[in-house]
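# A structural walkthrough
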Amino acid sequence: MALDTVADYVRNARILLQDTIADYRYSDSELVEDMNLGLLEVRRLRPDLMRSYFRSSIPTYTTTSMSTTAVAMDPMYRVSLLYYICGQAQLRDDENSQDARASVFLNKFVAQMLTIQS
């Protein structure tokens, strides 16, 4: 599972969200926006990770060139960002069962972001 481009994140989020058949429940733009929010959360939780990849500011990604736009993120924490995207998407669902799933994804994101490898 390579998470190099914006399209990789969207594709893998769809798999975890069980949203792989068109007409999708979550639009590409919603998932990309969740990724942008996730990067802000990464910056809040682990500013040290952001300093090594972004000198001035965190970029905002869009759907216009998803397949070729690389996401600058430490490879060890890319799956964590994927969990954040899925958690945010699940929070938008109306069903009660989705809240529990959203919590699991978001808690996994936070736990992995705050675990420092030696």
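Before reading further, recall that the structure is shown in the block above.
So, here is what we can say about the structure in this document. (Residues numbered from 1 in each chain as written. Predicted model: local features only at pLDDT ≥ 70, side-chain atom pairs only at ≥ 80, totals over all residues. Heavy atoms only, no water.)

## Some details on the overall build of the chain
When helices and strands are counted, the chain shows five helices and zero strands. Along the chain direction, N to C, the helices and strands of the chain fall in the order α-α-α-α-α. With the principal axes as the frame, the chain shows a C-alpha extent of 40 × 30 × 25 Å. For the chain, the residues scored as buried account for 44% of the 118 residues in total. Long-range pairs, those at least 24 residues apart, make up 66% of the contacts in the chain with a sequence separation of at least 6. Of the roughly 6700 Å² of accessible surface on the chain, a fraction of 51% belongs to carbon and sulfur atoms. (Helix = DSSP H or I, 4+ residues; strand = E, 2+ residues; numbered from the N terminus. Buried < 20%, exposed > 50% of the residue type's maximum accessible area, 1.4 Å probe, protein only. Contact = heavy atoms within 4.5 Å. Areas by Shrake-Rupley, 256 points an atom, 1.4 Å probe, with all protein chains shown as cover.)

## Focus: the packing of helix α1 (residues 6-16) against helix α2 (residues 28-45)
Each pair of packed helices gets described by two things: the angle between the helix axes and the distance between those axes. The contact between α1 and α2 brings their axes to 10 Å, and the two run at 105 degrees. Taken together, the axis directions place α1 and α2 in an arrangement best described as roughly perpendicular. Contact with α1, carried on its side by Val6, Tyr9, Val10 and Arg14, involves Asp28, Leu31, Val32 and Met35 of α2 and no other residues of that element. When the residues that make up the contact of α1 with α2 are grouped by side-chain class, the tally is six nonpolar, no polar and two charged. (Axes fitted to C-alpha atoms, helices over the stretch in contact; angles between N-to-C directions. Parallel < 35°, antiparallel > 145°, perpendicular 65-115°, else oblique. Nonpolar A, V, L, I, M, F, W, Y, C, P; charged D, E, K, R; others polar.)

## Some thoughts on the pattern of salt bridges
Tallying each qualifying case throughout the model produces seven salt bridges. Across the salt bridge formed by Asp8 and Arg11, the nearest N and O atoms sit 2.4 Å from each other. Taken as a pair, Asp8 and Arg11 lie in helix α1 at a separation of three residues, close to a single helical turn. For Arg14, the salt bridge identified is with Asp28, shortest N-O distance 2.6 Å. Here Arg14 is found in helix α1, whereas its partner Asp28 is found in helix α2, with 14 residues between them in sequence. A relative accessible area of 5% means that Arg14 is categorised as buried. Linked by salt bridges that have partners in common, Arg14, Asp19 and Asp28 make up one network. (Salt bridge = Lys/Arg side-chain N within 4 Å of Asp/Glu carboxyl O.)

## What about the packing of aromatic side chains?
Per the stated rule, a full pass over the model turns up two aromatic pairs. One residue, Arg14, lies across the ring of Tyr24, its end atom 3.7 Å from the ring centre. (Phe/Tyr/Trp six-rings, centres within 6.5 Å; stacked < 30°, edge-to-face > 60°. Lys NZ or Arg CZ within 6 Å of the ring centre and 35° of its normal.)

## Focus: the side chain of Arg46
Take Arg46: it is sitting in the loop between α2 and α3 (47-53). In this structure the side chain of Arg46 is engaged in a polar contact, spanning 2.8 Å, whose partner is the side chain of Asp48. Here Arg46 is in contact with Tyr77, Met113, Thr115 and Ile116, once residues within four sequence places are set aside. (Polar contact = N/O pair within 3.5 Å; in protein donor to acceptor, adjacent residues only side chain to side chain.)

## Some details on the environment of Ser65
On the secondary structure map, Ser65 appears in the loop between α3 and α4 (78-91). A relative accessible area of 31% means that Ser65 is categorised as partly exposed. Separated by 59 residues in sequence, Ser65 and Val6 place their C-alpha atoms 8.4 Å apart.

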